[in-house]
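# Results of the structural survey
In case you want the letters, here they are:
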Amino acid sequence: MRRWFQRGLGLALLMLGASSATADVRVRFLFDLEDSMNQPSAVSVTEAGTAFVLDGLQGRVVKFDSQGHSLGDFTAPEGQALQRPMDLRVYEDSLIVSDTGNHRLVQFRQDGEIQRLLPLPPGTDKPAEPTGLALLDGVVYWSDRANSRLCASTLKQGELLHCWGEFGASEGAFRYPFQITIDRDRYLYVTDVLNGRIQVFNERGRSFGAIARFGVSDESLLRPNGVVMDGQGTLMVSDAYQGRILTFKGRRYAGLLQDPSGHPLRFDQPVGLARWRDRLYVTEMANNRVRVYQIEENQPRTPPDSPSAFFTEPTRRDCVTCHLSWSEAYPADTAQSSPVLPVGGRKMCMSCHHGAVIDSRHALETGEQHPDYHPGEKSPFFERTTSREERLSKLFPLVEEDQPYCGSCHTPHRYSDDDTGLTHQGENLWMRDSNQESEICLGCHEAHGDAPTSSGKTYRNHPYDIALKTPPQGEHEGYAKDEFLQRGLPKTLSEAGARVSGDEQLICATCHRAHGGEGDALTLLGDEQVCTECHRGQTSKTPDQAHAKGIHPLHFKPEREIEIDGKPLEWLACESCHDVHGAASETGLLHEKDATASCRVCHDDLFAEGEKAARKRGIHPVAVELDEPVTLRGEQVTRVTCETCHRVHDGEADSAALIVTETAVSELCATCHPNQHAKNQDEARRKGIHPVNIDLEEPVVIDDRELTRLDCLSCHAVHAGQPDTPSLIEDHRDGSLCKHCHEAALAVSGTDHDLRESAPESHNSLKESPTEAGLCGACHSMHRNPSHTPALVMADTLPSDEEFSHLKRDKLCQSCHRKTGIGKERIVTDYTHPHQDLIMMSHNGPMPLFDQKEKPAEIGEIACVTCHDPHVWSPYTEAEQQAQNPIETSEQDPHEGNVLNSFLRQKRTEEGFCADCHGLETRIKSQYYHDPRSRPGRAEYLK
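A brief report on the enclosed structure follows. From a predicted model like this one, the values you see are computed outputs, not experimental measurements.

## Section: the pattern of salt bridges
Enumeration over the complete set of coordinates arrives at 26 salt bridges. Between Arg149 and Asp144 there is a salt bridge, with the nearest N and O atoms lying 2.8 Å from each other. For Arg149, a relative accessible area of 8% gives the class buried. What makes Asp144 buried here is its relative accessible area of 0%. Here Glu495 makes a salt bridge to Lys491, at a shortest N to O gap of 3.9 Å. Placement of both Glu495 and Lys491 in helix α8 (residues 491-495) is noted, with a separation of four residues, approximately one turn of the helix. Comparing Glu495 with Lys491 shows no difference in burial state: the two are exposed.

Okay, here's the thing in structure tokens:
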């Protein structure tokens, strides 16, 4: 009974202001507690001096020793992570944390191990949101931000004892209770944030009045947050908006916290306070630190003339809560360095949104923020909008130079139950207008819409009216084509806060977040991830994965220096090619005027406009008009561009983003080059072109690739051919490429059939000299044979009907070996071997006969190549030729030729099929086969 009487008397004396003596509290700075914290809100100290700081936005507790050295941190394990906690208190050998976002209390051991989770009872209107904490005899007192009340629960069982309070300004009511302290007489002191006071209760919840009044004068409180009391009854309260700490003694204002020289200390958003011995800990949220001071002796001072012993509600307090300039106590001569009044400044917004009233730290204090007005600064955003000639809407209040501030979009005077379309929870954020259809965003960013801007210009933007739902019937305009997107927003985007309109259409808030966005574009998950969450088929982690998907690779550093818009391209991402807002018209949101121009930014070495430029670089030409339109993927193509063959985002799997699989590249080539393509060897023979789509008898190695089947890419490298070639893997002029399959034919080099040496001034039908056409190309063309002869003839002019044999395949030989040919000195005057009424059978493969279709056959007639190999000068080695005692040759020309060489196939003609008819005369007859003197009276059948 005596104890209760003493406590009641003590409190009565406090309420009556029994002690008239006041003193300024002066402190000396010691050090800061810092450890990469983000928006810390509270600090608590053990009896041994170990300080625990609540790093609220990162959901962790940071530990410091008494000298300010970090001892590490801890947090709850995965699945139990803290969600924007607001307060913590040391209790015996444990630590209690108000896990505000999870609506619970968490008890940790001081080494970080969780002891228990204490779920809290539901509130009267909303789930409980515990903010401030105080502990007394195993009971935890906690303030409930969501329901404007104080509650008491047992710590061990988590049993709710009782709650009291409601939203309001009367005694015992709260407008957002926050931090709590308990004096030595067991009375609770609670900061009442928007009422600008500290309310006093006993442990049963009975009200004993309030301390201080709301206002902007020195002795008034505007946004009281932290509260702590020392053993001598001095109460300290932090004012988060005014950035100062007020002291009270016996319910009277005693002064501001001062430095040793008597100057009031200023802080940037002071929140939690703690005392340990002669030290004061101040959690300075905006600077991400805790300041530690040593309290020096109090300096006596004269009490203020107008004591503020009792709380009185000021006139128009609700308005003055934000409109400070309307207060009578607001300094009239306060210099305004900004046209933004306090009501619209960042500090005013954060004085409520830092967690005391509502917790917006995760949005307002992390990531990038929508630019607003800052005196003396010019945001790059406004520089861009000026260059884009965007009009900032006059529907929203702006400040000088048409710049927005917090109040441009937000107002505390308009609330609607309608969803504003800004948050994934569907909360109304006190917007000036609905943003369900991006009205607010497009009010200023009109160039991002579909309609022309006020300047008459239009910009190419990502569509924002695509519905993420299944079309009524099949595919319709305005609906997502991807079945994945027809099921609604991707989960990752939804969890990040993405929104759609009431009709489930894309809006600005589907990709962007004005507060807490990523990068300059304020995207939800970073520019690229926002793209790939919807466009999953167009992204890859590695070039190999991209090839497997048939798309252009991403996520790699270019091998060479590349610039886009004058800036170096250090990493390839979606935005490297695409501009979601402000792209070139009639493109797939590209920076450049068309897809080919966009490709050239990185692949200029693969670009050649026109056939001459392409041949010079050894690559396939682009930007050329086709002689005749072709159809690819159901679309008519009249002009060759990069997109003719490639589909950057929807190519065939296991290809270089081609419109066909790599096994069908020959078919792709054939679309534009039908005359150079053949399905098989027979068709190639009829066309007189080199065969493709055939299996090789033996594998060959070209460009380090083992080939077993011949196709277009066996010889051609469309984008990486040798210079001055038709996109060939190797140079064709010296025969290197042909040698891989036709090694024996390279023996022609240096012989009379090497026109580079024997007839350098000659030209083939393409008007190419032997030097230009090369060793093989002087006589042969793989794809451009005008006569369609099987030997791929490329002679300048062909012999007339009177001049050549009835076998067309002999045209190539006789185009030179005739009276007007370059081989006129080796003209053949008599050549036709009789074939009518004769049966000639070649049992020896090296001396082929030819049937009526001019194909090699066992039974047929003689052609030039029956006896001659036009690529091999002699069948003898040099030693063998000397052993045969050959006929003397001219000393001036060792290749004059005789009956033992001159491109003959056989060393001994009598061993061939000729001996079947000519017997012992075979050698003599073969020596004079082309000599008219050997046939003085030609028989009728020889004519």
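## What about the sheet that holds strand β5 (residues 60-64)?
Ordered by their spatial adjacency, four strands build an open sheet running β3-β4-β5-β6, and the pairing between neighbours is antiparallel. Since the sheet does not close on itself, it has two edges, and those belong to β3 (42-45) and β6 (70-74), each with one partner. When strand polarity is set aside, the average angle formed by the axes of neighbouring strands in this sheet is 20°. Relative to β5, strand β4 (residues 51-55) runs antiparallel, the two sharing five bridges. Bridge pairing in β5 links Phe52 to Lys63.

## Re unusual backbone geometry
Notably, Ser36 is not glycine yet its phi reads approximately 50°, a positive angle. Inspection of the secondary structure assignment puts Ser36 in the loop between β2 (27-33) and β3. A positive phi angle is found at Ala623, which is not glycine, with a value near 55°. Within the element layout of this structure, Ala623 appears in the loop between α14 (611-617) and β33 (624-632).

## Focus on the pairing of strand β19 (residues 224-229)
Across the six residues that make up β19, a large majority, six, are buried. Direction of pairing for β19 relative to strand β20 (residues 234-239): antiparallel, over a ladder of four bridges. In the sheet register, Pro224 faces β20, and the bridge partner there is Asp239. Counted along the chain from β19 to the antiparallel partner β20, the turn is four residues long, and its residue Gly233 has a positive phi close to 85°.

## Concerning the nonpolar core
Residues Tyr189, Ile198, Ile211, Leu235, Val237 and Phe248 are the most contacted members of the largest nonpolar core, which totals 16 residues. Listed by contribution, the elements that provide at least two residues to this core are β17 (197-201), β18 (207-211), β19, β20, β21 (244-249) and β22 (252-256). Apart from residues no more than four positions distant in its own chain, Ile198 is found in contact with Tyr189, Val190, Thr191, Gly209, Ala210, Ile211, Ala212, Leu221, Leu235 and Val237. Ranked by size, the runner-up nonpolar core spans 14 residues in total, among them Val43, Val62, Trp276 and Val292.

## Concerning the environment of Gly132
Mapped onto the secondary structure, Gly132 falls in strand β11 (residues 130-136). Between the C-alpha atom of Gly132 and that of Pro177, which follows or precedes it by 45 residues, the distance is 7.8 Å. Once residues within four sequence positions are removed from consideration, Gly132 is found in contact with Asp87, Tyr141, Trp142, Ser143, Phe178, Gln179 and Ile180.

Cut-off values and rules
- Residues numbered from 1 in each chain as written.
- Predicted model: local features only at pLDDT ≥ 70, side-chain atom pairs only at ≥ 80, totals over all residues.
- Heavy atoms only, no water.
- Salt bridge = Lys/Arg side-chain N within 4 Å of Asp/Glu carboxyl O.
- Buried < 20%, exposed > 50% of the residue type's maximum accessible area, 1.4 Å probe, protein only.
- Helix = DSSP H or I, 4+ residues; strand = E, 2+ residues; numbered from the N terminus.
- Pairing = 2+ DSSP bridges.
- Axes fitted to C-alpha atoms, helices over the stretch in contact; angles between N-to-C directions.
- Core = buried A, V, L, I, M, F, W, Y, C linked by side-chain atoms within 4.5 Å.
- Contact = heavy atoms within 4.5 Å.

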